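# Structure at a glance
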Amino acid sequence: FNWAVQQGLIAANPFRGIRQRNGEPRRPMTDHEFRALLRATAPARPSGRRPGKRRRRPSPGERFRQVLFFLRYTGMRPGEMASLQWADVDLDHAVIVLRKHKTIRTQRSPRPRVIPLVPLVVKLLNRIKDQEPLGAEYVFLTRRKTAWNRWSLGLRMYRMRQKAGLPKD
C-alpha cells in the first residue's frame, strides 16, 4: 500500500498506523523434550507378545513415534507429512520430491521441493512400507487406515505434551 501511495494510485494507505501484535516466537524442540515425547508414546504396559516375535501392524503409539521421528529428521512441515504419498518417495535415491507444496505459488519459476533423506529415515520408510497393506496411497496412516490431518496431529501432540509434562511452546 505504501508503494501504491508513492505511485499515486491511491490517496492514502488504509493500514497506516496499524500495529501487528508480536506473539511468542516458536522455538525448536530440545533433545530432552523429544525423548520425553517418545517416552510418552510408549505403551503403558508390556503386551503379551513373546520377545522376538514382531506384530505385523504397529500400535497407535508406534505410528505416532514414526511420525515424530520423520518430522524430526526431515524438516518437513506437518501438513506435508500428512499428505505425503508413496508416489512422492524415491527410496532408491533417498529423496522426497513434492510437486505440490506451500511455497510453489510464491516462486518465480515453480519447481518441486526436494527433501534429502538420511539413512535413518530411509530405514523407517522401508519399515513402514513393509507394515502397511499393499496399495496404500499415503505413507503415514492412522490406526483407522486414513491419512493424518492437521487436527489429528495437533490433538495427538497436545495430549503427548501433557502426558510428558512439556510446556505449550
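Residues numbered from 1 in each chain as written. Predicted model: local features only at pLDDT ≥ 70, side-chain atom pairs only at ≥ 80, totals over all residues. Heavy atoms only, no water.

## Focus on the nonpolar core
Membership of the largest hydrophobic core comes to 33 residues, with the highest contact counts inside it found for Phe70, Leu84, Ile96, Leu125 and Phe140. The contacts of Ile96, once residues within four sequence positions are left out, are Phe70, Met76, Leu84, Asp88, Val89, Arg113, Val114, Ile115 and Leu117. (Core = buried A, V, L, I, M, F, W, Y, C linked by side-chain atoms within 4.5 Å. Buried < 20%, exposed > 50% of the residue type's maximum accessible area, 1.4 Å probe, protein only. Contact = heavy atoms within 4.5 Å.)

## Brief notes about the packing of aromatic side chains
The tally for this structure, following the rule as stated, stands at four aromatic pairs. Pairing Phe64 with Trp148 gives two aromatic rings, centres 5.9 Å apart and planes at 45°, and the pair type is tilted. Of this pair, Phe64 sits in helix α3 (residues 60-74) while Trp148 sits in the loop between α5 (119-131) and α6 (150-164), and the two are 84 residues apart along the sequence. An identical accessibility class is assigned to Phe64 and Trp148; each is buried. When the ring of Phe69 is compared with that of Tyr73, the centres are 6.0 Å apart and the planes differ by 15°; the resulting orientation is stacked. Taken together, the residues span about one helical turn, with Phe69 and Tyr73 both in helix α3 at a distance of four residues. Given the relative accessible area of 29%, Phe69 is considered partly exposed. For Tyr73, a relative accessible area of 38% translates into the label partly exposed. Taken together, the ring pairs connect Phe34, Phe69 and Tyr73 into an aromatic cluster. One Lys or Arg, Arg72, reaches over the ring of Phe34 and ends 4.7 Å from the middle of that ring. A cation over a ring is seen here: Arg150 above Trp151, with NZ or CZ 4.4 Å from the ring centre. (Phe/Tyr/Trp six-rings, centres within 6.5 Å; stacked < 30°, edge-to-face > 60°. Helix = DSSP H or I, 4+ residues; strand = E, 2+ residues; numbered from the N terminus. Lys NZ or Arg CZ within 6 Å of the ring centre and 35° of its normal.)

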